[in-house]
Amino acid sequence: MDFDPPACVDLHIHTSASDGTFSPTEILDLASHIQLGAIAITDHDTLDGSRAALTAGIPQRMGFITGVEISAERPALFPGKGSCHILGYRVNLDDRNLNQTLARLQNARKDRNPRILERLQSFGFDLTMDDIQQAAGPKGQLGRPHFAQVMLNKGYVPTFSAAFDDYLATGKPAYVDKYRVECSRAIELIRAAGGIPVLAHPALLGTPGRRLEDSVVLALKEMGLIGIEAYYTEHTPAQREHYLELARKHGLLVTGGSDFHGKFKPRTKLGRGRGNLQVPIDLYHALNSHA
Ligand code: AMP
Ligand code: ZN
Ligand code: FE
Ligand code: FE
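Not measured: the values here are computed from a predicted model.

Peer 1: Which residues make up the overall build of the chain, and what values go with them?
Peer 2: Along its length, the chain carries ten helices and ten strands. Relative to the globule expectation of 19 Å for 291 residues, the C-alpha radius of gyration of the chain, 19 Å, shows essentially globular dimensions. Structurally, the chain occupies a C-alpha span of about 60 × 50 × 40 Å along its principal axes. Sorting the 291 residues of the chain into buried and exposed places 53% on the buried side. For the chain, the accessible surface area stands at approximately 13,400 Å², while carbon and sulfur atoms represent 49% of it. Averaged over its 32 positive side-chain charges, the chain has a centre that lies 2 Å from the centre of its 32 negative ones.

Have a look at this one:
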């Protein structure tokens, strides 16, 4: 009997170790159920999701690489405004410098959370840090989605998105900035930890027309960037082609993933994005065999 191997992968997944609503074990079960060929867990600023998945045990016939998504500072020279997230794949989970920097990022979140809470309380919302921590679960580090969920549960906002649009999004009244690593440092740390740095969701960098100038790509390559996430839930086919073309032109690896967050982004499905995302398994093999 012919065996038809799974053809698709998902290399951008959040778990309850950051602001996803599925635990790492639940992600492994779901990925196995929908027959993904390989996954990477890429929690914000923590390797705990990847660690927990390895400890739980990866299902047979499913590929797995360690991952993290680092909140980086947008290089000042890049036009536009938007978030600069650097994915780190195949990193050594025990790397000291990487873990130290991640700890600093986690502490920055811990400092920020009471300040977000204070601002929300100043608008008359009856919220406590316990409420927010409960939304994240005992092991999760808090992010804005947890605040949004509690505000929704308590009926303070009509939808999850309204919590961001009216209060939590950048520039809104309950927005509090947090420490981020220099982009070049994030790339350097990932490489020093034996990993592969990849520019996450380039469209969200917020450059004009969501296109990347060659000069931007060259600057990132100069910093040591190895790959670009061309396949992404929120990329249009034209954007994906543009990033694929840039990867070809500049010799970058290509990766892709859904940015699954469970019920915090209910329209985004694991492995499928909004229904038409298909990340070829070759990308996983290329990442895995990169020298
Ligand atoms: P934080 O790590 O606390 O800064 O929160 C970042 C996370 O919040 C992102 O990964 C998204 O999951 C979510 N997020 C950011 N902006 C929005 C928005 N406008 N609407 C919904 N979710 C958002
Ligand atoms: Zn997130
Ligand atoms: Fe991101
Ligand atoms: Fe993400």
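Peer 1: Tell me about the environment of Leu120, and please be specific about residues and values.
Peer 2: In this fold, Leu120 is placed in helix 3 (residues 96-122). When residues no more than four places from it in sequence are discounted, the contact partners of Leu120 are Phe125, Leu127, Phe147, Met151, Tyr167, Leu168 and Ala174.

Peer 1: If you had to explain the coordination of the iron ion (ligand 4) to someone new, which residues and values would you point to?
Peer 2: The iron ion (ligand 4) binds to the protein through His12 (NE2), His14 (NE2), Glu69 (OE) and Asp259 (OD); the donor distances cover 2.1 to 2.2 Å. Each of the four donor atoms bound to the iron ion (ligand 4) contributes to angles spanning 81 to 165 degrees, and the resulting shape is irregular.

Peer 1: Give me the lowdown on the packing of aromatic side chains, citing residues and values where you can.
Peer 2: Per the counting criterion, the structure on display carries six aromatic pairs. The interplanar angle of 55 degrees and the centroid separation of 5.8 Å between the aromatic rings of Phe160 and Phe164 together place this pair among those described as tilted. With a gap of four residues between them, Phe160 and Phe164 both fall in helix 6 (residues 160-168), about one helical turn apart. Summarising the burial analysis for this pair, Phe160 and Phe164 share the class buried. Clustering of aromatic rings is evident, with ring pairs tying together Phe123, Phe125, Tyr156 and Tyr167. The cationic tip of Arg104 hangs over the ring face of Tyr179; the distance from NZ or CZ to the ring centre is 4.0 Å.

Peer 1: Any chance you could break down the sheet that holds strand 10 (residues 279-280) for me, citing the residues and the numbers?
Peer 2: One open sheet holds the four strands; their spatial order is 3-2-1-10, and the pairing between them is mixed. Edge positions in the sheet fall to strand 3 (63-65) and strand 10, since each has one partner strand and no second. Examined bridge by bridge, strand 1 (residues 8-13) and strand 10 share two bridges and lie antiparallel to one another. If you follow Cys8 over to strand 10, its bridge partner there is Pro280.

Peer 1: I'd love a proper account of the side chain of His242, names of residues and values included.
Peer 2: Positionally, His242 belongs in helix 9 (residues 237-250). For His242, a relative accessible area of 12% puts it in the buried group. Sequence-distant contacts of His242, that is, excluding residues within four places in its chain, are made with Arg210, Arg211 and Leu212.

Peer 1: Kindly report on the packing of helix 3 against helix 5 (residues 144-153), identifying the contributing residues and their values.
Peer 2: In contact at an axis separation of 11 Å, helix 3 and helix 5 are set at 30 degrees when each is read in the N-to-C sense. What the angle tells us is that helix 3 and helix 5 run roughly parallel. For the element pair helix 3 and helix 5, the recorded crossing hand is right-handed. Mapping the contact onto sequence places Arg112, Asn113, Ile116, Leu117 and Leu120 in helix 3 and Arg144, Phe147 and Met151 in helix 5. Each residue belonging to the contact of helix 3 with helix 5 can be placed in one class, and the counts come to five nonpolar, one polar and two charged.

Peer 1: Tell me about the pattern of salt bridges, and name the residues and values.
Peer 2: Inspection of the entire model under this criterion finds eight salt bridges. Between Asp131 and Lys154 there is a salt bridge, with its nearest N and O atoms 3.0 Å apart. Taken together, the positions of Asp131 in helix 4 (residues 129-136) and Lys154 in the loop between helix 5 and helix 6 put the pair 23 residues apart, joining distant regions of the chain. By relative accessible area, Lys154 is classed as partly exposed at 37%.

Peer 1: Now, about the site of ligand 1: what can you tell me, with residues and values included?
Peer 2: With respect to spatial proximity, the complete set of residues near ligand 1 consists of Asp19, His44, Arg109, Arg112, Gly143, Arg144, Pro145, Phe164, Lys178, His261 and Lys265. Arg144 is positioned such that a nitrogen or oxygen atom in its backbone is 2.8 Å from an oxygen atom of ligand 1. Separating an oxygen atom of ligand 1 from a side-chain N or O atom of Lys178 is a distance of 3.5 Å. Coverage of ligand 1 by the protein chains reaches 76% of its 500 Å² of free accessible surface. Breaking the shell around ligand 1 down by element, the ones donating at least two residues are helix 3 and helix 5.

Peer 1: Could you give me a rundown of the state of the cysteines, with the residues and numbers involved?
Peer 2: Among covalent bonds in proteins, the disulfide is the one between the sulfur atoms of two cysteines. On inspection of all chains with the given rule, the structure shows zero disulfides. Of all cysteine sulfurs in the structure, the one in Cys183 sits closest to Cys84, which takes part in no disulfide; the separation is 3.8 Å.

The rules behind these values
Residues numbered from 1 in each chain as written. Chains lettered and ligands numbered in written order. Predicted model: local features only at pLDDT ≥ 70, side-chain atom pairs only at ≥ 80, totals over all residues. Heavy atoms only, no water. Helix = DSSP H or I, 4+ residues; strand = E, 2+ residues; numbered from the N terminus. Rg over C-alpha atoms; globule rule 2.2 N^0.38 Å. Buried < 20%, exposed > 50% of the residue type's maximum accessible area, 1.4 Å probe, protein only. Areas by Shrake-Rupley, 256 points an atom, 1.4 Å probe, with all protein chains shown as cover. Lys, Arg positive; Asp, Glu negative; His and termini not counted. Charge placed at Lys NZ, Arg CZ, Asp CG, Glu CD. Contact = heavy atoms within 4.5 Å. Donors = N, O, S within 2.8 Å, 3.2 Å for Na, K, Ca; no water. Tetrahedral: all angles 85-135°; square planar, octahedral: opposite > 155°, others 65-115°. Phe/Tyr/Trp six-rings, centres within 6.5 Å; stacked < 30°, edge-to-face > 60°. Lys NZ or Arg CZ within 6 Å of the ring centre and 35° of its normal. Pairing = 2+ DSSP bridges. Axes fitted to C-alpha atoms, helices over the stretch in contact; angles between N-to-C directions. Parallel < 35°, antiparallel > 145°, perpendicular 65-115°, else oblique. Left-handed = near helix turned anticlockwise from the far one by under 90°. Nonpolar A, V, L, I, M, F, W, Y, C, P; charged D, E, K, R; others polar. Salt bridge = Lys/Arg side-chain N within 4 Å of Asp/Glu carboxyl O. Near = heavy atom within 4 Å. Polar contact = N/O pair within 3.5 Å; in protein donor to acceptor, adjacent residues only side chain to side chain. Disulfide = S-S within 2.5 Å.

Coordinates in, geometry out; function isn't part of it.
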